[in-house]
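Here's the letter readout for the chains.
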Amino acid sequence: MAKKENPCCNEKFKTTIGGQALIEGIMMRGPEKDAIVIRGKEGLTLEVNPRKIRKPGSIATWPFIRGAVNFFDSQVVGVKALMRSADLAPEEYTQEEQPSKLDLWLEEMLGNEKFQQFIIGFAVFLGLGMSIGLFFLLPMVIGGFFDRWIESTLALNLVEGLIRMIIFMVYMIAVSRMGEMKRVFSYHGAEHKTIRCYEAGLPLTVENVRIQTRLHPRCGTSFLLVVMVISILVFSVASSALLHVAPGLAAIRGTFGYRLLMIVFKLLLLPLIVGVTYEINRWAGRHDNAFTRILTAPGMWMQNFTTNEPDDTMIEVGIAAVKAVLPEEEGADRW
């Protein structure tokens, strides 16, 4: 008797299309266009913008550099989409706040367009700063106190990595318990399920999307977890190399100056770590074998906390978002 295929897991191809959950909506990015779909009281609001295409061969497309460039670009686009969703979402899901005197002064001095650019830039700076501070700087500071007793650079970085993973998991689990985030995570689930349906080659209908799994291996959560794993390896190799090049540093090990130097050194390595992780994810995204499934398994598990099952209205938003960014040439979005 032939084995019956499971339509929720029967992936026909892998797409580069991906997105982000918003306030009562989804932002989807295709190879040519970005789209925002928000559900309001009067139905769906769709906004589509052309995506900036980088010239082949430019420095921004070089391996290990393109990862950091794409990551920063996605942060800027994501913040813009989130701010736009706050404008378009129904009032019951947003809180209208009167602009402060500082806001009014900045808008008057910079003009409305430059003021918006300033706000977006400041939001990206705060977001990246908080992420780096919470998931990298704090574990480095805590891990630094162990250098008096742990001589092995690898062991010290393993301890630091373990602290980083614990902080990340506690943070994500805590956020998933917040009432106001449950609907956002449901839209996150709708985004994944819709892409799963598209990759399975099924018509994008509510019925077909509903049966898909809400977990997806090419999710940003998986990317962040791989970043943390790769950071252990890169920090260990780079720290050992630094001590080999400058053996005099061993004499001040355990001091405040040594800890501060290592923190700055490791922070400077973050763009490289993001670039390496991007290349690994890019490779893993094109292959489906035991190794890649093991590699993506922790991120898939974490998505049990960062995604919820969506209702049909959320699925409709996901379908509209994917359809809006499909490339004109069929197959142009293949991973």
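Note that the structure is a prediction, hence the values are computed from the model and not measured. (Residues numbered from 1 in each chain as written. Predicted model: local features only at pLDDT ≥ 70, side-chain atom pairs only at ≥ 80, totals over all residues. Heavy atoms only, no water.)

(A) Structural detail: the sheet that holds strand S2 (residues 25-29). Pairing is antiparallel in the open sheet, where 4 strands are placed in the order S1-S2-S3-S4. Each of the sheet's edge strands pairs with one partner strand only, and the pair in question is strand S1 (18-22) and strand S4 (43-50). Strand-to-strand twist across the sheet, computed as the mean angle between neighbouring axes with direction ignored, equals 15°. Both strand S3 (residues 33-40) and S4 contribute to a ladder of 8 bridges, which runs antiparallel. In the sheet register, Ile36 faces S4, and the bridge partner there is Glu47. (Pairing = 2+ DSSP bridges. Helix = DSSP H or I, 4+ residues; strand = E, 2+ residues; numbered from the N terminus. Axes fitted to C-alpha atoms, helices over the stretch in contact; angles between N-to-C directions.)

(B) Structural context of the packing of aromatic side chains. Taken as a whole, this structure holds 6 aromatic pairs when the rule is applied. Between Phe135 and Phe168, the aromatic rings sit 5.4 Å apart at their centres with planes inclined by 75°, giving edge-to-face as the arrangement. A residue pair is termed long-range when its members are at least 10 positions apart, and Phe135 in helix H3 (residues 112-144) and Phe168 in helix H4 (residues 153-176) qualify at 33 residues. Look at Phe168 and you get buried, because its relative accessible area is 1%. On the numbers, 5.3 Å between centres and 75° between planes, the contact of Trp301 with Phe305 is edge-to-face. Residue Trp301 and its partner Phe305 are located together in helix H10 (residues 290-306), separated by 4 residues, close to a single helical turn. Among the aromatic residues, those joined into a cluster by ring pairs are Phe135, Phe168 and Tyr171. (Phe/Tyr/Trp six-rings, centres within 6.5 Å; stacked < 30°, edge-to-face > 60°. Buried < 20%, exposed > 50% of the residue type's maximum accessible area, 1.4 Å probe, protein only.)

(C) Molecular detail of the packing of helix H7 (residues 220-245) against helix H9 (residues 270-285). Following both chains from N to C, one finds H7 and H9 inclined at 120°, their axes separated by 9 Å at the closest point. Taken together, the axis directions place H7 and H9 in an arrangement best described as oblique. For the pair H7 and H9, the crossing hand works out as right-handed. Counting all contacts with H7, which are made through Phe223, Val226, Val227, Ile230, Ser231, Val234 and Phe235, the residues of H9 involved are Leu270, Leu272, Ile273, Val274, Val276, Thr277, Tyr278, Ile280 and Asn281. Across the contact of H7 with H9, the residue classes tally to 13 nonpolar, 3 polar and no charged. (Parallel < 35°, antiparallel > 145°, perpendicular 65-115°, else oblique. Left-handed = near helix turned anticlockwise from the far one by under 90°. Contact = heavy atoms within 4.5 Å. Nonpolar A, V, L, I, M, F, W, Y, C, P; charged D, E, K, R; others polar.)

(D) Region of interest: helix H11 (residues 312-325). The end-to-end C-alpha distance of H11 is 21 Å, a good match for the 20 Å that 14 residues give at a rise of 1.5 Å each. Along H11, the positions that sit buried rather than exposed are Met314, Ile315, Val317, Gly318, Ile319, Ala321, Val322, Ala324 and Val325. Buried residues in H11 make contact with S2, S3, S4, helix H5 (182-199) and helix H6 (206-210). (Expected span 1.5 Å × (residues − 1).)

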